Structure formats: C-alpha cells, structure tokens
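Below are the chains, spelled out letter by letter.
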Amino acid sequence: MLTPAVAGLALFLLFPLYYVFLYSVGMRYLEQTPKLAELDGHFTSFTLTLWHDFLSPDVYVEILGGSSPALTVPSWVVGITLVALIALTLLGTRISAVYGGRISLVSALVLVSPFATIPWGDGLLRLAELTTSQDSIYLRLFFKSISMAMTSSIFAVVFAFPVAYYMAFVLKKTKYTWILIVITPFLTSYLLRVFAWTIILGDQGLVNSALQKIGLIDQPLTWLLYTQFTVIVVLTYAWVPFICLPIFIALENIDRRLLEAATDLGASRFRAFVKITLPLAAPGMVAAFLFVFIPSIGEYVTPSLVGGTKGYMFGNGIQTQFTGGALDWQTGSVLALFLIVVVLMLTGATSRFLRAGGGGR
Amino acid sequence: MSRGDVAISRPARLVLRVYFVVFLLVLYLPTALLVLFSFNDSNTLSFPIVGLTTHWYSDAVNNPDIVDSVRNSFQIAVGVGIVATVIGLLASYALARSNIRMKGAISALLLVPLVVPTIALAIALLILVKKANLPLLHPGLLALGIGHVVLALPYTVLLILPRISNIDRRLEEAAHDLGASGAQTFRRIILPLIVPSLMAAFLIAFITSIDEVVLASFLLGAEQTYPAYLFAGLRHPDTAAALIPVASAMILLSFLTAFGAEVLRRRGERRLGAAA
Amino acid sequence: MGTDAPVGGIVIDAVTKMFDEFKAVDDISFEIRDGEFFTMLGPSGCGKTTTLRMIAGFEEPTAGRILLRGQDVTYVPPAKRNVNMVFQAYALFPHMTVWDNIAFGLQIKKVPRGEVGPRVEEAIRTVRLGGFEKRKPGQLSGGQQQRVALARALVNRPAALLLDEPLGALDLKLRKELQLELKHLQTETRTTFVYVTHDQEEALTMSDRIAVMKDGLVEQIATPRELYERPATSFVAGFIGVSNIIHLRVDRHEAGVAVMELGDGERITAATTATSGTLEVTVRPEKIRLGAGADAGRTGMTAVSGVVNDVIYLGSMTQLMVELRTGEELVVHRLNDESEVDVSVGARVVLQWPAENAYVIGPGRAPVGAGVGGNGGESAITEGA
C-alpha cells in the first residue's frame, strides 16, 4: 500500500532533484532545444567550477554599517566560523551543564548579529554585516535573504508572543474559538494577503493618504513599498497568525502551579514571568522562529509582489536563471541545490525544536 | 485563586486586551481592503475611494481568461485533493498497521516535501518536464497537478496517520473475532472512524493546490490556473484592479474551506475520544 | 455438563509461545471442558492473556496444538473460529449503536435478515439492556458497555466465550455485581467461559476450575476450594488468599501427623505421610485459634507461643501479626466478637490449630483431602491427547 506514495515521491521528487544535481555539476543531461543549448552553460562533463564560482569569493564583515570593508575574510573561514557558532548554539547545554545555557545564548547572538536588521526608511540599520565583493551577486543575495528572513522571523515571534500569552493566560472557555479566528487568515490565499499590502503601503495607499491627511508629511513616503522594509513587514504579517499556535501551546503546557509556587515563595508576577514563564516557553518560541525562518529563506512570491528590485531575495535569483532574463539552468541548479542543502541541514539540526513546537498539531 | 491572577496583573491584562484587538484588526485589514476595493469605481488601487460599483464583478464573469483559469484551478484542486487523500490514506494505513522494515526512512521521505523549498521543487520539476522526455509529461495542468500532490502528501499523511494510529487495535481484532475479513474490517470499522480526517485531508490538499503559485508559475503552459493568472497580473499594478473581485470571492471561499477543515478535524478527534 | 465428553471443550496441547527471545508460554497442556467456567489466573506477564489470544487465534503458537471440539484450529484465523472474545476495555465499535454492534457478527456471517433481529433482541434481553438499542457506546456507563460486549459475543452462539479481564476497568462495587451476573449468564447459556484475570477473589467467586499460571507455566489446575485449601505450590498458596508458610522439621511422626517439638511442651503439627525432613506448611489465618482451648492437649494439636507484633483492625475481624519463637511470622484473623484474650502489641499469645488444618505443600501432602468437593480432585494437569 506504500507503493504509490514511495514510487510517486521517487519519480516526482527524488528523481528531479537528481537532475538538479546533474545540472549543478555541469552535465547537460539530455537533449536540449537548440536555443537553450546555446544559452545554457558550457559544460558537458563533471565539474565543480560553478560551485567554486558561487562559494569562493571574498567575504567581508562590516561593523556598524561602515561603508568600507572592515574585515576581509576568505569565505572558508566564514563558513567554518558559522558552523562552529551553530554547533555551539545547538550543543551548548551538552558542553557544560552550568554555562551551557549562556554559551548557547551568546553564540546565538553572535550568529544572529551580522544578519539581524532594523529596517529604517530607505536604509537598514545593522550591527554588523556579512557581505561579499560586488561580483559574487548570488552569495550576496543569499546573505541578504538570510538577513531578511531572520529579521522577519524575530519580529513575527515578538508580535505573536503577546497574542499567544493573552489567549493562554487570560482567555478561558473561548480560547479555542479565538485561536481559530487568529489562524484562519494563514490558511487563505497567500498571494492576496501579500498583494493587499500594496493598497496599504503604496504611494496613494492607506498609510500615505492618512499621514498626508493629518499633515504629518507632504510627499508620500516612497520607501514604504518595493523595498526590503516592505518584504520584512509583509513576511512578518504573513507568518504571525501561524506561529501564535506553537507559542500558545508552549504557554498552555506550563503548569499553572509553578507560577503559584513562585508567587507563594515571594516572587513578583514580573519575576515569575522572567524566571518561569519565559524559560519554559523558550523551546516553543525557538520552534516558532524556525517555522518562519526556514521557509522564508527560499521565499519567492512575497519579494516578487512587494519587494521591487531592492527587495529581491535568493528565490528570485533562482527564478531568474530558469524563466527570467539570465536563463542559465546550470548556475540556477547550483543555487537551488545550495538552498535545499542549507534548509535541510537547518531542519535536521533543529529538529528537536521543530518537533517540540509541532507537538500540538 | 483563579489561574489568570497568578500570571497577570489587572493593568497588564487590559494592555494585552487592547493589543489583541489591534492585532486582530491589522490581521484582517488587508482582506477587508481587498473586498472594499473590489467595489471601488476606479482603475487604480489607491485612496480615496471614488465610488461604489459592481462592474468589476460583471467584467470578471465575462472575461474568458479568468473564467477558464478559475475552472482549471478547481479541476486541479479537486483532483489533487482526491489523489493525495487516497495515496495518503494507503500510506498511513501501511505505516500504522504493518511491521515493514525501513518504516522510519519511509516516514521521513513522506515529509521531505514539507522542507524542500517550493522554488527548488519547482525548478526540479521544470527540468523533469522539459528535459526528461517522459510520456505525457509536458508543461501543463497534469504536471502541475503532480507537483501539487507531492506538496500536499505530507499534510494528508500528517492528518490521517495519527487518526489511524489512535484507533484501538482491539477494534480490528474484535471485528476479525466476529468473522470479518480484512477488507470488511477496513470498510466497516476503520473507514467510518476516519471519515472526518479524510475530509479534512481532502480540504487541506484542496487548499494547498488552489492557492499554489510557485509551482504554477514554472510548470504551466498556455493554460493558466487562477493563482498563476493572478500572480502574473498583480505584478503589474495597472491591471491589478480588474483582478480583485474574483480574488475577494476566492478569499471568502478559502476562509470557509479552512474553517471547515478545522471543524472536521476536531469532530474526528471527538469521535475517537468517545470510544475510550 | 459435558465432563469427560470425548469431543468437548478446548485442548491446549504442549503449547509454547515465544516473543523474540522471551518465552511467554512454556509448553503448557490442559483441557477446558465443555460448558465449564474456566479461569486462567496469575500475575501480569504470566502468559494467561497470551494463551487466551492463542485460543482466539490472534497469536500463533510457536509449538504445540490447540483443539476446539476435537478439531485442530492452531492455524485457523480468528474470523473462522467458532469462539468469541470479550476484550479488555470492550473494544466496542464507537461509531455503531448498541444494536449494530451486537448485530455485526451475524451480518458478517450473512445470517438471514429475518433471523438477525430476533437473535439480537434475545441477546439484548439476556444482558438486560432493553431500551438502550439506539445508544452509541460513548453514551453508556462502563457496566453497560461491558454488557454490550458480552451480548456482541454471545449472539454468535460461540463454542466458547473468551473473556480478557472484562471487569478490570470497573469500580469494586460494580465488579462484584457483574461477577455474579456473569456466573448466572454462564449457567443460563451453558456456554464455555474461558476467563482471564489477575484478581484471585474474582476467580474464586465465579470459576468451576482455575488454572494458576506463573512465568508461562501452569502451577496448578483445581477447583477454587481445592486451590485455597490444598495449594500445590508455595506460589499458589501465596497467590490465593493470605498465606502463612512455615517450615516444619519432622521430629516425630505418629498416626499420619508430623510433629516438630519446640520444647516447653510447644509443638507444630501437620497431617502428612512424610516421616522425615523439613516440610513447607501453610495454615490459613482464619484456621488459627488464639489461646489454649479445651482440646489443647490433644495429639496432633499445634500449640506454639509467639509475640504480637502488630494489630490491624479490619472491621468484622482483626488481623494479628504474630512472631513465633522459630522466628517466623504468622497472620492470624480473629472475629471481633471473641474477646477473651488480650491482643495488644507486645502481648504473648498461644496459637493453636489441629494438624488437618495445616496443609503440606508439594510432596508429602496428606493422602486424603478433608472435605474437598467438586470434580477437580485428581492431579492438576490433564495430559494432552
């Protein structure tokens, strides 16, 4: 009885992915139309040139938005550092029972800092920035995507937490109805929910019209639409209802007697919240973060609709290689495969959080 | 002491309540705006509202491109719903009830489409349909339908498998004990108990397909689905106004299906709960 | 009753069941007679449920045969066996009404429509569930669900009804009621009941014969009374009721009574043929008398002193823990209307029992049972065919 599922996935999932791999190592596998053959790569036998081109350019770390490169590092150093930081974050508690939590937290912050962004007007505020030389646009685009995905995930968790907290601790009998109301928008047309933001953020949209009417601005704020800012806002908006759920479940599973015990022992509500609620809800919040972060890295629809050229993400880069202007299937395959590998590794490394967060479904 | 009191003070609760209301308003604001603009008598999607009209709706109904794409979308979504549910049911039953080897590997394989980025799956399938020269597989509705089944399969398995696993094995033994064959047991005991989750699985697969745009924008030929048509149109704001009415209707429809799927899922839980 | 009927009943013939390395049932053989209430009793993991499931057909024996009314059914699937099971927690079909649950077996077997109705109604009447036909299992109490499970099995008129701890999920009071009801039902329908339980009291109340099992082996098969009064092993003695096991060194043997002399005129006695060695002896708590009675000096009467270590009030009686001078501790039950002896903790008391109330376990037991009735007098295990 498993045959249809296994055979179907083998033929329509694993087999095509194998094709992607063949393309990414320079092998034009089968007959091509003459036009495509002309445009499409230069290799017919196994080569890692495309991977090398993609991964080897110089990488800079810029601190506090400095325009000139503060630190130039070969990409393999960056790679090793990132892997080490990820390992420390994930395994901190196994390295040391006492300091493990702090090791994890610190390495997570170091890991996040080059990517976390505060979108502000036309520009972006970054503590540090991981970037590359101009000629390696795809790795640069990848860092940008990681950064945008990470920022919107953090915002989504921050905005969802109070909602989940309210539903778990204040609402009583009606809470499951309200959850349904919160989550329903997530299940409706993604395309339209994204598109609707052009009505809100456009030059003559809701926000600009309102601000002009009350006289705060004369000219419409043009950076509201078709920038990284827009993509981050819209990604946050699109995922917030969904991740209320894992956070809610984490909060709902907290034994209320623990809080009673804490207050009984003299802790204020705030201290009980910081010392008990937050640590116990943390795995659920991490899961929520990952639920947004992982799919957002490869996001394609949102930047296409509201990102303009400034808001392009890695997914758009891949699309360009296949149906857009560039039409280089071999480079496109390298990008796609790289994305798959990163996402699968991320999923594998964090699976215990994902499982903990998905437990309620 | 009521449980709310320990966690939260009265002023904090008020602040949270205000936040919650604002949150819900913002959450539903974009959808509300779409519906509003579907009646706006203007070619541009901008404020202020000019006047009310229903001509966008009558235009949409008379536009063969829109009508065809909507029809295509429904056909694919219904097909995907049925196929993904049936395959998911078979796989779930096998995983829940037989002691096959490699169970872990197969379960993992079934969930892979959840994590593979859709854009990567889209280009993988694009290479397959364009370069593999498989019979019947050309860019078009069939290829898209296959892709949607791959996307929807993990959801149907995730909905059906736990329900089957939750059915007490002794119910099946009791049926065998009373003389029922394997097929009779499946039809008369298992199937009635999982009907709600089958319907939920169908609805989820249906929603997955009818709203899917990434695969659609790569795998389709001349014939379009509604999301693909919409996606192409929305990227050019000057044509967008004409697309809003059907979009609003689709949103309402997907609200209803989403709600229905959730209600069915819960009913299924209750039905099994009563067996305890 | 079909005692000794050649084709009757269920025969378990040298059956072994392995789960991987674990031997759940270890080469057991016995016969269940047609029409009897047969119980397999033992602690969890003793193999009783596995044996029942092999009779039902849900497990295949690793070795051995199972005969049902003379026919080898060892490899016949459950659907084709004329036995029906009442499951632990009932396994009622939650989506069907009471009526549909009971009719299920008949419908599957293609019993003519005109016959199904009357048979289902009869079954409903037998288990006194009239008026509940249209309810779903979820709307019934535990006891009612239990009755539906019984009716669902009985309506098929099985050669034997297999019951796997059917009362386990119910509270004590309801369990007591249903025990009697089950026994009535069995007598009324003259169906063979094969019952599995770990509750010795339940087994004693209902069964015609009981097989006590431990670690995949049958320790003893006997009537309830014989099990209680003449346990074949110390495990049976311990499992059925409260056991007092003492070791008796045979110092003297006279007139079928072994005597252990403890000095100061104190002695322990037991009726036995053994004339030497040390015996394991069990005495039921209620058979021990406190204080020196009129027949204290009689030959074969035990008289042993001890110190009361504990006094536990149990309502109608009091339980004393008395430590003998041999160092062994005995449980003694006293009805609360006899009050002639002081029984506070630390008191020194004299215990008495006639030799025939002390039962010797295993080899060396008394040749003639004192007032053992029923049909289980012979040695426990019937050899397989």
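Residues numbered from 1 in each chain as written. Chains lettered and ligands numbered in written order. Predicted model: local features only at pLDDT ≥ 70, side-chain atom pairs only at ≥ 80, totals over all residues. Heavy atoms only, no water.

Draft legend 1. Highlighting the overall build of chain B. Summing up its helical and strand segments, chain B has 13 helices and zero strands in all. Beginning at the N terminus, the succession of helices and strands in chain B can be written as α-α-α-α-α-α-α-α-α-α-α-α-α. A compact globule built from 276 residues would reach a C-alpha radius of gyration of about 19 Å, whereas chain B, at 23 Å, exceeds it by more than 25%. Overall, the C-alpha framework of chain B stretches about 70 × 70 × 30 Å when taken along its three principal axes. Looking at chain B as a whole, 54% of its 276 residues are labelled buried. A fraction of 72% describes how many contacts in chain B between residues 6 or more apart in sequence connect residues 24 or more apart. Of the roughly 11,800 Å² of accessible surface on chain B, 66% is carried by carbon and sulfur atoms. Within chain B, the 15 negative side-chain charges are centred at a point lying 11 Å from the centre of the 21 positive side-chain charges. (Helix = DSSP H or I, 4+ residues; strand = E, 2+ residues; numbered from the N terminus. Rg over C-alpha atoms; globule rule 2.2 N^0.38 Å. Buried < 20%, exposed > 50% of the residue type's maximum accessible area, 1.4 Å probe, protein only. Contact = heavy atoms within 4.5 Å. Areas by Shrake-Rupley, 256 points an atom, 1.4 Å probe, with all protein chains shown as cover. Lys, Arg positive; Asp, Glu negative; His and termini not counted. Charge placed at Lys NZ, Arg CZ, Asp CG, Glu CD.)

Draft legend 2. Molecular detail of the sheet that holds strand 21 (residues 358-360) of chain C. Residue and element names in this part refer to chain C. Pairing in this open sheet of three strands is antiparallel, and the strands run 11-15-21 from one edge to the other. The open sheet terminates on both sides in strands that have one partner only, identified here as strand 11 (245-249) and strand 21. With direction set aside, neighbouring strand axes in the sheet form an average angle of 40 degrees. Here strand 15 (residues 278-283) runs beside strand 21; their pairing, made up of three bridges, is antiparallel. Bridge pairing in strand 21 places Thr282 opposite Tyr359. (Pairing = 2+ DSSP bridges. Axes fitted to C-alpha atoms, helices over the stretch in contact; angles between N-to-C directions.)

Draft legend 3. Region of the structure containing the environment of A:Ile86. Residue and element names in this part refer to chain A. Here Ile86 is to be found in helix 4 (residues 75-95). Under the relative-accessibility criterion, Ile86 is labelled partly exposed at 35%. Once the C-alpha coordinates of Ile86 and Ser104 are considered, the two residues, 18 residues apart in sequence, prove to be 8.9 Å apart.

Draft legend 4. Layout of empty space enclosed by the protein. Counting across every chain of the model gives six cavities of 30 Å³ or more. What the largest cavity holds in volume is close to 130 Å³. Surrounding the largest cavity, A:Ser189, A:Leu191, A:Leu192, B:Ile210, B:Asp211, B:Tyr226, B:Pro227, B:Leu230, B:Met250, B:Leu253 and B:Ser254 form its lining. Only helix 8 (190-201) of chain A together with helix 11 (226-234) and helix 13 (244-273) of chain B provide two or more residues apiece to the lining of the largest cavity. Residue composition of the lining of the largest cavity, grouped by class: eight nonpolar, two polar and one charged. (1 Å grid on protein atoms, 1.4 Å probe; cavity = no way out; pocket = protein on both sides within 12 Å on 5 of 7 lines; lining within 4 Å. Points joined across faces, edges and corners; volume = space filled by probe spheres on them. Nonpolar A, V, L, I, M, F, W, Y, C, P; charged D, E, K, R; others polar.)

Draft legend 5. View of the domain arrangement of chain B. Domains assigned within chain B are domain 1 (1-27) and domain 2 (69-275). A C-alpha centroid distance of 37 Å is found between domain 1 of chain B and domain 2 of chain B. (Domains from an automatic or database assignment.)

Draft legend 6. How the structure looks around the confidence of the model for chain C. All names here are of chain C. Considering every residue of chain C, the mean pLDDT works out to 83; 88% of them sit at 70 or more. Note that residues 1-6 has pLDDT below 50 and, in this model, five contacts with residues that lie over four places away or in other chains. Note that pLDDT drops below 50 for residues 366-385; the model gives that stretch 32 contacts with residues more than four away or on any other chain. Predicted complex, confidence summary: ipTM 0.86, pTM 0.78. (pLDDT = per-residue confidence, 0-100.)

Draft legend 7. Looking closely at the interface of chain C and chain B. With 26 residues of chain C in contact, the opposing surface of chain B contributes 18 residues. Taken over both partners, the interface formed by chain C and chain B buries close to 2,000 Å², and the fraction arising from carbon and sulfur atoms is 63%. Inspection of the chain C/chain B interface yields one salt bridge. Note that C:Arg53 is salt-bridged to B:Glu173, the shortest N-O span being 2.6 Å. Summed over the shared surface of chain C and chain B, the result is eight residue pairs in polar contact (both at pLDDT 80 or more). Of all the elements in the fold, those that place two or more residues in the side of chain C that touches chain B are helix 1 (48-56), strand 6 (83-86) and helix 2 (98-108) of chain C. Among the elements that line the side of chain C that touches chain B, the one with the most residues is helix 2 of chain C, at four residues. Each residue belonging to the side of chain C that touches chain B can be placed in one class, and the counts come to 15 nonpolar, seven polar and four charged. (Buried area = accessible area lost by both parts, 1.4 Å probe. Salt bridge = Lys/Arg side-chain N within 4 Å of Asp/Glu carboxyl O. Polar contact = N/O pair within 3.5 Å; in protein donor to acceptor, adjacent residues only side chain to side chain.)

Draft legend 8. View of helix 3 (residues 113-126) of chain C. Residues and elements named next belong to chain C. In a regular helix each residue adds 1.5 Å, so 14 residues correspond to 20 Å; helix 3 covers 20 Å between its end C-alpha atoms and thus fits that length. If you check which residues of helix 3 are buried, you get Val116, Gly117, Arg119, Val120, Ala123 and Ile124. Next to the buried residues of helix 3 lie helix 2 and helix 4 (142-154). Trailing helix 3 by a residue or two, Arg128 shows a phi angle of about 55 degrees, which is positive. (Expected span 1.5 Å × (residues − 1).)

Draft legend 9. Up close: the sheet that holds strand 5 (residues 71-72) of chain C. All names here are of chain C. In space, the four strands of this open sheet follow the order 2-1-4-5, with antiparallel pairing throughout. At either end of the open sheet lies a strand with only one pairing partner, and these are strand 2 (22-32) and strand 5. Direction of pairing for strand 1 (residues 10-19) relative to strand 2: antiparallel, over a ladder of seven bridges. Directly across from Ile12, in strand 2, lies its bridge partner Phe30. Relative to the sheet, helix 1 contacts strand 1, strand 2 and strand 4 (63-68), its axis offset from that of strand 2 by approximately 65 degrees.

Draft legend 10. Region of the structure containing the packing of helix 8 of chain A against helix 11 of chain B. Contact geometry for helix 8 of chain A and helix 11 of chain B: axes closest at 11 Å, N-to-C directions at 15 degrees. If you check the angle between helix 8 of chain A and helix 11 of chain B, you find them roughly parallel. The way helix 8 of chain A lies across helix 11 of chain B gives a crossing that is left-handed. Between helix 8 of chain A and helix 11 of chain B, the residues in contact are A:Leu191, A:Leu192 and A:Phe195 and B:Pro227, B:Leu230, B:Phe231 and B:Leu234, respectively. In terms of residue class, the contact of helix 8 of chain A with helix 11 of chain B is built from seven nonpolar, no polar and no charged. (Parallel < 35°, antiparallel > 145°, perpendicular 65-115°, else oblique. Left-handed = near helix turned anticlockwise from the far one by under 90°.)

Draft legend 11. Structural detail: the packing of aromatic side chains. Under the criterion given, the structure shown has 35 aromatic pairs over all chains. Each ring, one from A:Tyr165 and one from A:Phe273, has its centre 5.5 Å from the other, and the planes form 85 degrees; the classification is edge-to-face. A residue pair is termed long-range when its members are at least 10 positions apart, and A:Tyr165 in helix 6 (residues 137-169) and A:Phe273 in helix 12 (residues 269-297) qualify at 108 residues. We classify A:Tyr165 as buried; its relative accessible area is 7%. Centre to centre, the rings of A:Trp223 and A:Phe229 are 5.1 Å apart; their planes meet at 80 degrees, and the pair counts as edge-to-face. A relative accessible area of 22% means that A:Trp223 is categorised as partly exposed. Three or more aromatic residues joined by ring pairs make a cluster, and in this case those are A:Phe54, A:Phe142, A:Phe314 and A:Phe338. Taking the ring centre of C:Phe93 as reference, the NZ or CZ of C:Arg152 above it sits at 4.7 Å. The ring of C:Tyr228 has C:Arg284 lying over it, and the distance from NZ or CZ to the ring centre is 4.1 Å. (Phe/Tyr/Trp six-rings, centres within 6.5 Å; stacked < 30°, edge-to-face > 60°. Lys NZ or Arg CZ within 6 Å of the ring centre and 35° of its normal.)

Draft legend 12. How the structure looks around unusual backbone geometry. All names here are of chain C. One non-glycine residue with positive phi stands out, namely Arg69, at about 50 degrees. Topologically, Arg69 is positioned in the loop between strand 4 and strand 5. By relative accessible area, Arg69 is classed as partly exposed at 43%. Even without a glycine there, the phi angle at Arg128 is positive, about 55 degrees.

Draft legend 13. Here's a closer look at a nonpolar patch on the surface. Residues and elements named next belong to chain A. On the surface, Tyr18, Phe21, Phe46 and Leu48 cluster together into a nonpolar patch covering about 420 Å² of accessible area. For Phe46, the location among the structural elements is in the loop between helix 2 (34-39) and helix 3 (49-55). Classification of Phe46 by relative accessible area gives exposed; the value is 53%. (Patch = residues over 30% accessible without salt bridge, like charges linked within 9 Å, V, L, I, M, F, W, Y side chains within 5 Å.)

Draft legend 14. Quick look at the interface of chain A and chain B. Taken together, the contact pairs 85 residues of chain A with 80 residues of chain B. Inspection of the region where chain A meets chain B yields six residue pairs in polar contact (both at pLDDT 80 or more). With 14 residues, helix 1 (residues 3-24) of chain A is the largest single contributor of residues to the side of chain A that touches chain B. Among the residues forming the side of chain A that touches chain B, the class breakdown is 60 nonpolar, 15 polar and ten charged.

Draft legend 15. The pattern of salt bridges, seen in detail. This model, assessed by the stated rule, comprises 29 salt bridges over all chains. We note a salt bridge from C:Glu115 to C:Arg119, for which the minimum N-O separation is 3.2 Å. Of the two residues, C:Glu115 and C:Arg119 both sit in helix 3, four residues apart, roughly one turn of that helix. Take C:Glu115: its relative accessible area is 35%, and that puts it in the partly exposed class. Between C:Arg147 and C:Glu181 there is a salt bridge whose closest N-O contact spans 3.0 Å. Placement of the pair is C:Arg147 in helix 4 and C:Glu181 in helix 5 (residues 172-189), with a sequence separation of 34 residues. A relative accessible area of 22% places C:Glu181 in the partly exposed class. Among the ionic contacts, a cluster of salt bridges with common partners joins B:Glu173, C:Lys17, C:Arg53 and C:Glu59.

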